[in-house]
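A structural walkthrough
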Amino acid sequence: MKLLENFGDPNAGQVKEHKFWKTQPVIQDGSTEIKEGPIDPPKTPADVRQEPYALPAGFEWSTVDVKNEGQMNELHTLLSENYVEDDEAMFRFRYSKEFLLWALTAPGYHADWHIGVRVQKTGKLVGFISGIKVELRAYSHTWDSGEVNYLCVHKKLRSKRLAPVLIKEVTRRINLTNIWQAIYTAGIVIPTPFSTCRYYHRNLNPAKLVDIGFSSLPRGSSIARLVRNYAMPTTTSVPGFREMRKEDVPQVGNLLRRYLSRFPIAQTFSTDEDIEHWFLSGQGRDVDGKRVEQVVWAYVVEDPTTKEITDMVSFYSLPSTIMQHPKYDLLNVAYMFYYASDAIFSAGASSDDETKLKSKLERRLNELTRDMLTVAQAAGFDVMNALTLLDNNMFISEQKFGPGDGYLNYYLYNWAMPPIDGGMDTTSSREGSGVGVVML
Ligand SMILES: CC(C)(COP(=O)(O)OP(=O)(O)OC[C@H]1O[C@@H](n2cnc3c(N)ncnc32)[C@H](O)[C@@H]1OP(=O)(O)O)[C@@H](O)C(=O)NCCC(=O)NCCS
């Protein structure tokens with residue numbers, strides 16, 4: 001299957017100099033014997049440069065107010081026309097405005113971390129980078145971190161070293177709030193990933209995916225056969241599986257925090273406000289009995305007897321523009337987001353029970369993913385994407401996800417630590433990964 005995300009480093013295998021990244025507090029060459037901690041000596045906000053970095057003549061900084069409709073329209077246009085494409089220029093991410101608002105206004109966000117670059121004369125928005133604040137735990141250390149995303153430079157302004165200026169400026173603004181670490185992901189390899197995950201794709205609409213060249217028709221097969229192979233039931237099957245509601249927030253929070261504590265790196269979701277934002281605020285609204293503007297789908301399992309929440313699953317909607325296709329211009333893609341299950345926490349379990357608990361979790365995750373695929377197919381998604389992170393390897397093969405040709409590298413700024421398993425090599429053995437952070 002083809003990949004939706006950009007990816008593959010054109011320079012893979014070559015030694016690159018990394019003029020910019022070699023000057024930054026990041027691990028310069030991977031090694032497994034890394035002492036954990038910040039790379040730069042400790043600083044305070046007073047040590048930070050107080051004025052913005054200089055842009056090339058003719059450009060100016062401009063904070064993008066994502067709550068202002070006009071400015072959100074400009075950001076949406078910039079990203080829709082210039083953001084990540086696959087290597088063959090067939091697909092380009094098309095984040096919706098609702099999605100960007102959801103992703104950029106998480107609890108504790110700083111409006112001035114939504115950084116635009118405009119052409120001075122015309123005011124046209126031609127560059128962007130963003131940060132939000134998230135709390136992360138890596139091994140036993142927990143800190144407030146920037147989560148940097150949506151780095152984009154207009155196609156006509158590429159290779160002019162604007163990206164390093166954007167990265168330095170977002171770093172400066174984050175540092176001014178006394179935060180010294182950041183997490184970011186990229187398809188390209190730069191110094192130095194702490195983890196790499198692989199993309200997998202679960203076909204939900206075979207006729208369309210074959211038509212647009214996203215997947216190919218296996219020799220001797222037919223569309224009808226693929227349709228049968230990938231058809232989901234019309235209803236979900238786990239008893240008590242239902243959409244998440246506001247009153248579930250405290251229980252979902254406790255369950256997710258406990259589940260994620262098993263991973264060497266994870267987002268902490270330390271407040272219920274985080275849970276409500278990430279799983280409910282993007283659920284859209286009902287208009288004439290129809291849900292519109294939904295960006296996140298979150299479901300829980302409520303035990304029919306005890307009424308307790310035993311599991312939660314979620315996915316988000318991130319379509320891609322299909323470029324230059326006579327019939328279709330949009331691919332409706334769902335991406336697996338966070339989930340949690342108490343199947344791994346049976347009461348009084350000893351380490352002897354570990355294998356049993358793992359197979360119980362594996363069974364449960366397969367049931368939950370099946371229901372999630374059922375919901376996603378009924379909602380009109382063409383494909384469900386998943387990385388090899390979390391415990392996804394436990395269900396990827398059984399739920400008929402196929403390997404993509406894309407990889408996602410995870411990076412930390414100003415934090416050294418031993419690498420973490422991104423699950424790439426353990427899909428067939430159904431072993432979970434060490435990565436408990438999903439980025440949008
Ligand atoms: C990513 C993008 C902003 C880079 O801009 P560019 O004009 O190609 O590159 P520039 O000349 O400005 O800067 C090059 C430097 O930025 C670094 N860089 C490029 N892409 C990067 C990324 N995604 N993350 C971090 N650094 C990146 C390069 O490694 C290089 O530094 P180096 O010499 O130390 O290796 C631009 O290509 C773009 O908008 N692409 C489409 C959207 C996209 O891929 N965004 C990133 C998603 S992870």
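None of these values were measured; they are calculated from a predicted model.

**Description of the packing of aromatic side chains**
Per the counting criterion, the structure on display carries 31 aromatic pairs. Aromatic side chains Tyr339 and Phe395 sit 6.1 Å apart centroid to centroid with 70 degrees between the ring planes, which places their arrangement in the edge-to-face category. Linking Tyr339 in strand 16 (residues 333-341) with Phe395 in the loop between strand 17 (383-387) and strand 18 (401-413), this pair joins segments that are 56 residues apart in sequence. Among the residues examined, Tyr339 registers a relative accessible area of 1% and is labelled buried. For Arg258, the ring lying beneath its charged end belongs to Phe345, and the centroid distance is 4.0 Å. Lying across the ring of Tyr259, Arg262 places its NZ or CZ 4.5 Å from the centre.

**Things to note about the site of the ligand**
Every one of the 22 residues lining the ligand counts as a neighbour, but His18, Phe20, Trp21, Leu151 and Ser159 are closest to it. Contacts to the ligand include Phe20, whose backbone N or O atom sits 2.8 Å from an oxygen atom. Leu162 places a polar main-chain atom, nitrogen or oxygen, 2.9 Å from an oxygen atom of the ligand. Notes on the ligand: free accessible area 850 Å², of which the protein chains cover 84%. When contributions to the shell around the ligand are tallied by element, the ones reaching two or more residues are strand 5 (141-153), helix 3 (162-175) and strand 6 (182-186). It is helix 3 that provides the largest number of residues to the shell around the ligand, a total of 4 residues.

**A few points about the sheet that holds strand 15 (residues 330-331)**
The strands that make up a sheet are held in pairs by hydrogen bonds between backbone atoms, and each pair lies either parallel or antiparallel. Spatially, 2-14-15 is the arrangement adopted by the 3 strands of the open sheet, whose pairing is antiparallel. Edge positions in the sheet fall to strand 2 (91-93) and strand 15, since each has one partner strand and no second. In this sheet, strand 14 (residues 320-322) lies alongside strand 2 in antiparallel orientation, the contact comprising 3 bridges. Bridging across to strand 14, Arg92 finds its partner in Thr321.

**Things to note about the environment of Arg370**
Relative to the assigned elements, Arg370 resides in helix 8 (residues 354-378). Note on Arg370: relative accessible area 35%, which makes it partly exposed. Along the chain, Arg370 and Met232 lie 138 residues apart, while their C-alpha atoms are 7.9 Å from each other. In this structure Arg370 touches Met232, Pro233, Ser237 and Gln399, once residues within four positions along its chain are discounted.

**Some words on the nonpolar core**
Nonpolar side chains in soluble globular proteins tend to be buried together. By size, the foremost hydrophobic cluster in this structure holds 110 residues, and its most contacted members are Leu75, Phe99, Tyr150, Phe279, Phe337 and Met384. If we ignore the near neighbours within four places in the chain, the residues touching Phe337 are Trp102, Trp278, Phe279, Val296, Ser314, Phe315, Tyr316, Leu390, Val438 and Leu440.

**Some thoughts on helix 3**
Between its first and last C-alpha atoms helix 3 spans 20 Å; for 14 residues at 1.5 Å apiece the expected length is 20 Å, and the two agree. By the criterion of burial, helix 3 is predominantly enclosed, with 12 of the 14 residues buried. Within helix 3 the residues assigned to the buried category are Leu162, Pro164, Val165, Leu166, Ile167, Glu169, Val170, Thr171, Arg172, Arg173, Ile174 and Asn175.

**Section: the pairing of strand 7 (residues 195-203)**
With 7 of 9 residues buried, strand 7 lies mostly within the body of the structure. In terms of strand pairing, strand 7 meets strand 18 through 7 bridges, oriented antiparallel. Considered in strand 18, the bridge of Cys197 is made with Leu408.

**Let's talk about the domain arrangement of the protein chain**
Looking at the protein chain, the domain boundaries give domain 1 (21-188) and domain 2 (196-436). The C-alpha-based centres of domain 1 and domain 2 are spaced at 26 Å. Between the two partners, domain 1 and domain 2, sit 0 salt bridges. In this assembly, domain 1 and domain 2 are joined by 26 residue pairs in polar contact (both at pLDDT 80 or more). Going through the elements one at a time, strand 2, helix 2 (97-104), strand 4 (125-138), strand 5 and strand 6 are the ones with two or more residues in the side of domain 1 that touches domain 2. Of the residues assigned to the side of domain 1 that touches domain 2, the class counts are 29 nonpolar, 12 polar and 10 charged.

**Looking at empty space enclosed by the protein**
A full pass over the atoms with the stated rule returns 4 cavities of 30 Å³ or more. The computed volume of the largest cavity comes to approximately 60 Å³. If you go around the largest cavity, the residues you meet are Val26, Ile27, Tyr184, Pro191, Thr192, Pro193, Phe194, Leu412, Trp415 and Met417. Residue composition of the lining of the largest cavity, by class: 9 nonpolar, 1 polar and no charged. Split by domain, the lining of the largest cavity shows at least three residues from each of two domains, domain 1 (21-188) and domain 2 (196-436).

Each value, and the rule that gives it
Residues numbered from 1 in each chain as written. Predicted model: local features only at pLDDT ≥ 70, side-chain atom pairs only at ≥ 80, totals over all residues. Heavy atoms only, no water. Phe/Tyr/Trp six-rings, centres within 6.5 Å; stacked < 30°, edge-to-face > 60°. Helix = DSSP H or I, 4+ residues; strand = E, 2+ residues; numbered from the N terminus. Buried < 20%, exposed > 50% of the residue type's maximum accessible area, 1.4 Å probe, protein only. Lys NZ or Arg CZ within 6 Å of the ring centre and 35° of its normal. Near = heavy atom within 4 Å. Polar contact = N/O pair within 3.5 Å; in protein donor to acceptor, adjacent residues only side chain to side chain. Areas by Shrake-Rupley, 256 points an atom, 1.4 Å probe, with all protein chains shown as cover. Pairing = 2+ DSSP bridges. Contact = heavy atoms within 4.5 Å. Core = buried A, V, L, I, M, F, W, Y, C linked by side-chain atoms within 4.5 Å. Expected span 1.5 Å × (residues − 1). Domains from an automatic or database assignment. Salt bridge = Lys/Arg side-chain N within 4 Å of Asp/Glu carboxyl O. Nonpolar A, V, L, I, M, F, W, Y, C, P; charged D, E, K, R; others polar. 1 Å grid on protein atoms, 1.4 Å probe; cavity = no way out; pocket = protein on both sides within 12 Å on 5 of 7 lines; lining within 4 Å. Points joined across faces, edges and corners; volume = space filled by probe spheres on them.

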